[in-house]
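# Notes for the structure review
Here is what each chain is made of, one letter per residue.
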Amino acid sequence: MRSPRGGTLYIAEAQMTQCPGATPYPIPPAVQEAYGPADLSSMSLFGGGFINFGYWQGIGLDQPLTEHDRISSQQAMYRHVLAALAPAEEPRVLEVGSGLGVGCAIALEEYGFAHVTGMDIHPQQLKRAEQANADLLTRRAEQLRFAHGAAESMPFAEGEFDCLYSVEAAQHFRDLDAFARETARVLRPGGRAIIASFFVPDADPARPERLAELLDTYSTGLDIAHTIPQLTGSLERAGLTGVRATPIGASVWPGWDRWLARMWEPGTWPRNFLRAYREGTLEYFTVTAQRPMP
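Residues numbered from 1 in each chain as written. Predicted model: local features only at pLDDT ≥ 70, side-chain atom pairs only at ≥ 80, totals over all residues. Heavy atoms only, no water.

The protein chain goes by Class I SAM-dependent methyltransferase in an unreviewed UniProt entry, where it is assigned to Streptomyces decoyicus.

Bringing the pairing of strand β3 (residues 92-96) into the picture now. The buried fraction of β3 amounts to four of the five residues, a majority that puts the element mostly inside the structure. Here β3 runs beside strand β4 (residues 115-120); their pairing, made up of five bridges, is parallel. Across the sheet, the residue bridging to Glu95 is Gly118, located in β4. In this view, the connection linking β3 to its parallel neighbour β4 by way of helix α3 (residues 102-111) has right-handed handedness. Note that β3 and strand β6 (residues 161-167) share three bridges and pair parallel. Note on β6: the bridge partner recorded for Val93 is Cys163. (Buried < 20%, exposed > 50% of the residue type's maximum accessible area, 1.4 Å probe, protein only. Helix = DSSP H or I, 4+ residues; strand = E, 2+ residues; numbered from the N terminus. Pairing = 2+ DSSP bridges. Right-handed = clockwise from strand over helix to strand, strands pointing away.)

Attention now goes to the packing of aromatic side chains. Evaluation of the coordinates by the stated rule reveals 16 aromatic pairs. Seen in terms of ring centroids, Phe198 and Phe273 are 6.2 Å apart; in terms of plane orientation they differ by 80 degrees. Their pairing is edge-to-face. One end of the pair, Phe198, is in strand β7 (residues 187-199); the other, Phe273, is in helix α11 (residues 272-279), and 75 residues separate them in sequence. Neither Phe198 nor Phe273 differs from the other in exposure class; each is buried. Linked through ring pairs, Phe46, Phe53, Phe198, Tyr218, Trp253, Trp256, Trp269, Phe273 and Tyr284 together constitute an aromatic cluster. (Phe/Tyr/Trp six-rings, centres within 6.5 Å; stacked < 30°, edge-to-face > 60°.)

Shown next as structure tokens:
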């Protein structure tokens, strides 16, 4: 992908990640670079250690946006997701693609989970997560951990978690069927999952090419043009039930574009997320599913 300062960021060769009890899984080159040497969380686009486009409902977009607004939008995305989990009594929860773990901290401190596991494919992100949450790991060592693993090959036992969530990571997953099977496997019967990310809203075969024209993240392979029918179909084939996709783009894309306007002019590629949304090429969804009871 491209740096906010212009120019092309170096893309490293793919590396392998080894998860105890799981099959080694390759880190895609663009993902390796973006979340390794580039460290997206350090860029002014984000803030507070979060890496998501934000949930901007309730934030006034007619006024100049502040760094506080930006961080609040990213926290709000996590709260929007976590509030939908309807957690069980003293639940154990897994975040897939946990990055710096700041969302895990919200889950633990604000939502009463008994235990939170943050899993990420990138070793450098895990090191950053341990640093960012050093105090919380000390104070609540029995309730928080970070694990090295891929969405398609999770290093956990069957039925280990009551809830699973993933915030703005699924656009990087290379195999949605494998992710769905692993989600179904690690959830206990009755356990719930929620995935929040951006997807092609239909099965139009022209959409991926159009996204690659509009957005560098698709042309470089950092993001994959998964369709929402592909994701919901994968979850259903894995045996999950109650699969429901809810579009939330109206609360994401206008605010994200308003924030980008501080740094980029109209017509530059980062501003094309809103354009793709308005064209119907891209949408942001929350997708919920449940492992059925026996």
